[in-house]
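The residues making up each chain are set out below.
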Amino acid sequence: MLERGYIYKGSYAGWYCRSDEAYLTSTQIEDRIGPDGTLVKVSSESGHPVELVEEENYMFKLGALVPDVRRWVETSNVIWPPNRKAEILNMLDSKLPDLSISRPRRKLQWGIPVPHDPEQTIYVWVDALTNYLTAQGFPTQGAPTHPMLHVIGKDIVKFHCVYWPAFLLAAGLELPQQVLVHGHWTMDGRKYSLRPPLVCPALQPTALPIHAIVALDPMSKSLGNVVDPVQLLDQADGVPDLVRYYLLKESRLDTDGDFSYRRLNAVTKELADTVGNLLSRISNQRVNSALEFPGLSVDDAPPPSPCQELITLGSSVAEEVRACYDRHDFGAGIEALLPLARRCNALINELEPWKLARDDSPAAQATLKSLLGGAFESLRVTAALLYPVTPALSLALIHRLGCDEQDLQCLTPAVPTTARELRVDKQPLIPRVDFGPPAQTDTRA
RNA sequence: GGCGGCGUAGCUCAGCUGGUCAGAGCGGGGAUCUCAUAAGUCCCAGGUCGGAGGUUCGAGUCCUCCCGCCGCCA
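Because the structure is predicted, anything quoted here is derived from the model rather than measured.

With that settled, the discussion passes to the packing of aromatic side chains. Counted by the stated rule, this structure contains ten aromatic pairs. Ring centres of tyrosine 325 and phenylalanine 330 lie 5.1 Å apart, and the angle between their planes is 40°; this geometry places the pair in the tilted category. Aromatic ring contacts, followed pair by pair, group Trp185, Tyr246, Phe259 and Tyr261 into a single cluster. Sitting above the plane of the tyrosine 16 ring, lysine 107 keeps its charged end 4.0 Å from the centroid.

And the structure:
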C-alpha cells in the first residue's frame, strides 16, 4: 500500500476522547457543566470528556479509492442481502475522509509497530482485516487462490464493505467474491445486544459461532433475560444440531431474528414429528419385517408407484432447496425440504403398510417394497439436504439407514437398487425437547 | 437532520414489470388412521391488503399527502 502511494503521513488536529479511544468531529461533541462548575467539552455519545489534540498519523487515501470500491459494491450479488447494498452505497456517497491508520507509540504500546517507524503503531483496521490474508499464509505462501466469502454481522459492515476492499485495491490484491451480512437477535421483541461472542465447543468444527443474547435495557438486567447458548445445547438431549436448526430456520438475513423458547420448541418438535417419526414408522418389524432399506428392481417400481412418486417429488424439492441455499436463505430452504417427509407420511397413511405386511399377495408385497424404498430414499435425500444445517444429525440419520457419509453427497433421489440393512436404535433419532429458561426465572413478569 | 425500507388473515411473512393476488407457514377449530417419538393425515382463515385522495376500462400492485413502525448514516 505504501509502495503504491496510498499511505502518507499527515497531522491530525481535533477532538480526542481518551476513555473512548475515539477521535471525534465537532458535531460529535457538546458542552457540559462539569462538577466544579466549569464548562467542559464531552462526547455527545458517551458523555466522556474530550480534549483538543494535534498529532502525526499515517493516513490512508480512502477517498481516492471510493470510485473503485463503489464499482465493486455495485457488482451484482457482491453484497448480500440486497438491502445492505443501498446502505453501503449511501456511505460511499457521503464524503469519506482519509483514514487514520496509526497512533503515536506513546499512546498505544500494545499494537503492531509501523514498519520502519517505531514511533507509530498500526491502528486499527489495517492490521485487523489483514488477518484474513495472513491466516492463510499470505504473503510468504502467496495470495490465497480461492475466492473470499466473508460472513459478518451487520455491525461491521463499513469495515468489510468499504475499508477492506479499499485496502485490497490499494495493495493490488483480489477483492472478495461476496460479503454476506447477517443481523442480530432480539428476544421477545425487545432490544437486545450481542455480548462477547463465544464459539460453542459443542458445535465445532462445522459450527457457526453463536452469541449470548443479552438485554440492553438497564431496567431488565435480571438473569431471565439472558439466553446462554451453551445452556441451550446442554438442554438439547444430545442433539445440539436442534439449536442450529432453529437458529437457521427462524432467522432471516435482512433483519434481526427474534428468539423465543416457544418457537424453538415448536420448530424442533416439528422436525422430530415429521422426519424423526417417519424413520420410526418404517423401521419397525410390524411394517418392515426384514428391517432393511430395500433395493428395488425396475419391476418393483413401475411408473405409477409410491417410489416413483416420491422420487419425482424429491427431485423438485431438492432443486428448490438448493436454490434457497444458494441465496443463503436457510429458513426458506428448510421450509422447502419438509414437504418430502410430509408426503411420505401421507403415503404411509394412505397405503397402510402394516396391512400390506400381512398380505402375501405379490401386488401387496410389491407396493410395500416400493413404498419403503421410496420413503427411505426420501429420508436419505432429506438427510443430504439438511446436512449443511444439521451435520451431525444428518450423519446419524444416514447411518441408521445403513448408508454412509458418501450417501450425503447426492442430493437427488434415485431408485435404490441395493438393499441395506438398517441400523436400528430404540432411541428416537430426534428427541422432542422442551427447552426453557434457567430455573432462576425472571420475576418481573 | 440525510438516505432507504416497511405497514396484507391471531403471529411471521409471499405477492416480479397493474387485470385467477386475496395467498403460505405457524397458532387456533373440526375430523380421522393407529405402523410410529402423546407422533401421522385431512378439512376449516371470508382479512375494507395502515388512512385519504389521484392516474387507469381496471390497483395490495403506479403517483401525492397523512398516520404508525424499522434500518443505515450523520
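A few words on the packing of helix H3 (residues 125-134) against helix H4 (residues 157-171). Taken N-terminus to C-terminus, the directions of H3 and H4 make an angle of 80°; their axes are 10 Å apart at the nearest point. Taken together, H3 and H4 sit at an angle that is classed as roughly perpendicular. From H3, Trp125, Val126, Leu129, Thr130, Tyr132 and Leu133 reach across to H4, where they touch Phe159, His160, Tyr163, Trp164, Phe167 and Leu168.

What follows covers the environment of glutamate 350. You can see glutamate 350 is positioned in helix H9 (residues 330-351). C-alpha separation for the pair glutamate 350 and leucine 422, spaced 72 residues apart in sequence, amounts to 24 Å.

Between helix H7 (residues 261-282) and helix H11 (residues 362-386), the shortest axis-to-axis distance is 10 Å and the interhelical angle comes to 140°. Considering their axes alone, H7 and H11 lie oblique with respect to each other. Crossing angle aside, the handedness with which H7 passes H11 is left-handed. Together, Leu271, Val275, Leu278, Leu279 and Ile282 of H7 and Leu372, Ala375, Phe376, Leu379, Thr382 and Leu386 of H11 make up the contact between the two elements.

Here the focus is the pairing of strand S12 (residues 178-182). Summarising burial for S12: four of the five residues are buried, a large majority. In terms of strand pairing, strand S11 (residues 149-153) meets S12 through five bridges, oriented parallel. Each residue of the ladder has a partner; that of isoleucine 152, found in S12, is valine 181. With H4 bridging S11 and the parallel S12, this β-α-β connection has right-handed handedness.

Before going further, it helps to examine the sheet that holds strand S10 (residues 117-122). Within the open sheet, the three strands sit side by side as S8-S10-S9. Their pairing is antiparallel. Taken across any chain shown, the strands that pair with only one partner, and hence form the sheet edges, are strand S8 (102-104) and strand S9 (113-114). Strand direction decides the pairing type here: S9 and S10, joined by two bridges, are antiparallel. For valine 114, the partnering residue across the bridge sits in S10 and is aspartate 117.

Grouped together as the largest cluster of nonpolar side chains are 64 residues, with contacts concentrated most on Phe259, Leu271, Phe376, Leu379, Leu401 and Phe435. Elements supplying a minimum of two residues to this core: strand S13 (185-187), helix H5 (229-235), helix H6 (241-250), H7, helix H8 (306-326), H9, H11 and helix H12 (391-400). For this core, the element with the highest residue contribution is H11, accounting for twelve residues. Counting 38 residues, the second largest nonpolar core, distinct from the first, contains Leu99, Val114, Ile122 and Val157.

Let's shift gears to the domain arrangement of chain A. Once the domains are mapped, chain A shows domain 1 (7-182) and domain 2 (261-421). On a C-alpha basis, the centroid separation for the pair domain 1 and domain 2 is 50 Å.

Moving on to the environment of glycine 374. With respect to the helices and strands, the residue glycine 374 is situated in helix H11. The exposure class assigned to glycine 374 is buried, which follows from its relative accessible area of 1%. In this structure, the C-alpha to C-alpha distance between glycine 374 and leucine 338, residues 36 residues apart in sequence, is 15 Å. The contacts of glycine 374, once residues within four sequence positions are left out, are Cys307 and Leu310.

The subject of this paragraph is the side chain of serine 102. Along the chain, the position of serine 102 falls in strand S8. Given the relative accessible area of 0%, serine 102 is considered buried. Reaching out from serine 102, the side chain makes a polar contact with the backbone nitrogen of tyrosine 58 at a distance of 2.8 Å. Setting aside residues no more than four positions away along its own chain, serine 102 makes contact with Asn57, Tyr58, Val114, Gln120, Thr121, Ile122 and Tyr123.

Read from one edge to the other, the open sheet built from three strands follows the order S6-S12-S11, with strand pairing classed as parallel. Single-partner strands in this sheet number two, and they are strand S6 (79-80) and S11.

A pair can form between side chains of opposite charge whenever their charged atoms are brought close. A complete count under the given rule lists 23 salt bridges for this structure. We note a salt bridge from arginine 70 to aspartate 93, for which the minimum N-O separation is 2.5 Å. Here the residue arginine 70 occupies a position in helix H1 (residues 62-74), and aspartate 93 occupies one in helix H2 (residues 82-93), the gap between them amounting to 23 residues. Residue arginine 70 is classed as partly exposed on the basis of its relative accessible area, which comes to 22%. A salt bridge links lysine 249 to glutamate 270, with the shortest nitrogen-to-oxygen separation between them at 3.3 Å. One end of the pair, lysine 249, is in helix H6; the other, glutamate 270, is in helix H7, and 21 residues separate them in sequence. Its relative accessible area of 10% is what places lysine 249 among the buried residues. Residue class for glutamate 270 comes out partly exposed when judged on its relative accessible area of 23%.

Thresholds applied
Residues numbered from 1 in each chain as written. Chains lettered and ligands numbered in written order. Predicted model: local features only at pLDDT ≥ 70, side-chain atom pairs only at ≥ 80, totals over all residues. Heavy atoms only, no water. Phe/Tyr/Trp six-rings, centres within 6.5 Å; stacked < 30°, edge-to-face > 60°. Lys NZ or Arg CZ within 6 Å of the ring centre and 35° of its normal. Axes fitted to C-alpha atoms, helices over the stretch in contact; angles between N-to-C directions. Helix = DSSP H or I, 4+ residues; strand = E, 2+ residues; numbered from the N terminus. Parallel < 35°, antiparallel > 145°, perpendicular 65-115°, else oblique. Contact = heavy atoms within 4.5 Å. Left-handed = near helix turned anticlockwise from the far one by under 90°. Buried < 20%, exposed > 50% of the residue type's maximum accessible area, 1.4 Å probe, protein only. Pairing = 2+ DSSP bridges. Right-handed = clockwise from strand over helix to strand, strands pointing away. Core = buried A, V, L, I, M, F, W, Y, C linked by side-chain atoms within 4.5 Å. Domains from an automatic or database assignment. Polar contact = N/O pair within 3.5 Å; in protein donor to acceptor, adjacent residues only side chain to side chain. Salt bridge = Lys/Arg side-chain N within 4 Å of Asp/Glu carboxyl O.

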